[in-house]
Every structure is written in structure tokens, then in C-alpha cells.
Amino acid sequence: MTPYFLSFICWLSVATAVLAGPIATTTIKLRFYSETIDLTLETALLSDAVITMDESSIWAYYNQMESRPYQNLLNSLGRIQEQLQLNDWLYYELIHTTAQQLLEHQPRAQQTLFCWFLLSKLGYDTRLTYHQQQAYLYAYSEEDIFETPMIESDGRKFINLSSIHHPMEQTGIALNMLSFVANSGGKPFSFALQQLPSLQPRPQEKVLAFNCREEHFSIKINTDRTICEVMKNYPIFAEQRYFEVPMSESLRQSLLPQLRQIIKDRPVQESLEILASFTRSAFHYKEDQEHFGYSKPMIAEEVFHYPYSDCEDRSVLFYSVVQELLHLPMIIIAFADHLTVAVGPDTPISGQPILYEGRNYYICDPTGPKYSNDIGYAPKEFQDQRFEILEQP
């Protein structure tokens, strides 16, 4: 190829760019929990065309989106994900919120297709089903998620992400699965929350009081309303996974120093009695179905946010404070309808130990009896019942 021909090619490229003019972009302000995000994208990415929910139209939509300038939007969303330290689920929520705002005048099904395209381009193995004018986005996951529809395809389990924000209005309907697979063999989608997102905190002050051994204690704490909002509609994962979710910095910095001061220089047994008394009597008890009308497992943060909590919620909180303050090994004990925690101190304490992997553990029930400081035994109604030890978080 001659230098003259190369020069002509370069001139032609510049001339074409000049004729085409600058790329049209738009900037939107996106509200995502406590954050306000500026998001810039090319307007050519968007289309007002209404898509029919059938095999050929959906496939055509995906092909058309591939020819549009989507990569800059993905790059922008990726930077926000990294900045806010969003896990897969919260990243999907960011994409879902973006689709709702960008396509606010289009049907929900087209917002779902937009999410499906972007999630597929991010490397996740996705599936799409449709029925009449509705569409449902699924992502392959290796984790157990409960009370959420799922399907199996190619030997893999796919979770219905769409139904978490918009529960399916009809059950038992025959959904059509799109035969086109955008990213077969893609990476799994995770709901794990071993690190909280870096969202702007919104502290909420609470005063708590409890008694132990005729001593009265009162503490003032700050819980983070932003984290509680994140968890409000979070998919329900396995019970033991709630024990691995950390406290917010607002809660850690207000709660732990006060509890640490209360148990300072006390023997291990007395410290455990105080911490058990705290989770038993500083909160009001009510079952999820009675309070919420549905199952609502909580992380430690939420126990301070809501007016009521049950045995699972308080077990998570007790586990967190013992882990932070006493650094003792623990096991999670599951009875037929009760969850509790057993602690394995280095030296024996009073009670009936449970031998597990060469160490004695003592049940320190975080739920009750409410005004008792007794530890070392299961509550009376469970003492003769069988139990299992859950996998450690």
C-alpha cells in the first residue's frame, strides 16, 4: 500500500467524521439509594420503537443493540460499581434503575430487555422468558435463593431477577423461553454480601436499655438507614449467610465501644450473660408473619431499625457482637422452628456442652427467656428436641 493511498484513507476518515458531526450524548441524574449519580451516554443507544414479545422480535432487538454504542454506558456503570463497591445483585439494581429512568415511557418488558442485554454483555449467563407482553430476566447462580422463581437450563440453575422487583402476577402460567442464548457458559451471578456497599450513610439514633444481674445498662447507637433500605427487598438467601454480613460503620462505631466498656475486665461467662441479656431484652419480639406478613430474615443492622425481631434476627446480632468483642468460635444451632447460637470458650462455663469438632460449645440463646441471664442450655421447650448444626458462615 503506497503512502499516497494511506494519506487518502486518513483524509477520508477525517472527512467522514466531520460530515457526521459530534456524537450526540445526554446526561441523566440517577437516584440510587442515598447517592445521586451523573450518567452520560450516547442518545443513539436508545430507541422509541415498541417491541413485540415474540422470538424473532426479541432476537432482532438484541442484534440491533449490538450495533449501537452501548460500551460507554457499560463503562460508566462499571466505574460506579467499583466506586460504590456493589456486589452482583446491587450492580443489577443499578442497571435496573438506569433502565427504568432511560426507558420510563416504554413498557416494563422493554426495560427488562435492556437489562438482559447489558447483563449479558457483562459476561453473565442469562436466560429470558416471555408471556404475552411481559418478559422475565434470569441469571445463572450457584447460590441458594428462596421464595424467588427459578428455572433450569443446560444443567444450570437460573434465578428470576425480574420477579424480585415485580412479583409475577400470575402463577402456573406457561412461559416461553427464548431459544437464543446470549452468553452460554457465562459467569455465575452472586447475591453474597460479605462487604457492604459504600453508599452515603444516613444515621438513625436509637436508645436501648437492658438489665443483667440486677445491673441496668443504657446505650445510644446509630444505625444506617441506607443499609436497611438496601436490605428491604433483598432476595432471601440461606440462613447462615446472614451471619457473614458485616455491620455498617455507623453501627460499629456507636455500638461496639459501649458494649466493650460494659464487659471490660469481666469473666467470659459474665460477658456472655450480658451480651445474651442485651439481645434478649433490648428488643421487642414478634414473628415475621405477624409483623411483616411474610418472611423477612434480617442482618444485624436491621434488628435496630425495625420495632420487632425474632430468633433468627437476634442470633445474627449476637453472633456479630460476640465475634467482634470476644473473638470466640461459635456454631449455629437449628431446631425445627428455632435458631440459636452456641459459643465455644477456651475454658468451661456452666451448662450442658455440645461437643463439636473437639471443642465444647454452650448454647447462649439470644432470644430468651427475655429477662433471664442464664446461659449454657437450650430454652426449656427445645431441650429434648433434635437439632442440626448449620454450615459455618
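Our structure's up above, just so we're on the same page.
Here's what I pulled together on the structure shown here. Because the structure is predicted, anything quoted here is derived from the model rather than measured.

Approximately 440 Å³ is the volume found for the largest pocket. Along the walls of the largest pocket sit 21 residues, with Glu147, Ile164, Asn233, Tyr234 and Ile236 positioned nearest its centre. Those elements that place two or more of their residues in the lining of the largest pocket are helix H6 (162–165) and helix H7 (225–232). In terms of residues, the lining of the largest pocket owes the most to one element, H6, which gives 3 residues. Residues that form the lining of the largest pocket fall into these classes: 12 nonpolar, 5 polar and 4 charged. A volume near 350 Å³ is recorded for the second largest pocket. Gly368, Pro369, Ala378, Pro379 and Lys380 are the residues nearest the centre of the second largest pocket, which is lined by 20 residues in total. Partitioning the lining of the second largest pocket into residue classes produces 8 nonpolar, 5 polar and 7 charged.

Strand direction decides the pairing type here: strand S1 (residues 25–32) and strand S2 (residues 35–42), joined by 8 bridges, are antiparallel. Looking at the pairing, Thr26 lines up with Leu41 of S2.

Conventions used here
- Residues numbered from 1 in each chain as written.
- Predicted model: local features only at pLDDT ≥ 70, side-chain atom pairs only at ≥ 80, totals over all residues.
- Heavy atoms only, no water.
- 1 Å grid on protein atoms, 1.4 Å probe; cavity = no way out; pocket = protein on both sides within 12 Å on 5 of 7 lines; lining within 4 Å.
- Points joined across faces, edges and corners; volume = space filled by probe spheres on them.
- Helix = DSSP H or I, 4+ residues; strand = E, 2+ residues; numbered from the N terminus.
- Nonpolar A, V, L, I, M, F, W, Y, C, P; charged D, E, K, R; others polar.
- Pairing = 2+ DSSP bridges.

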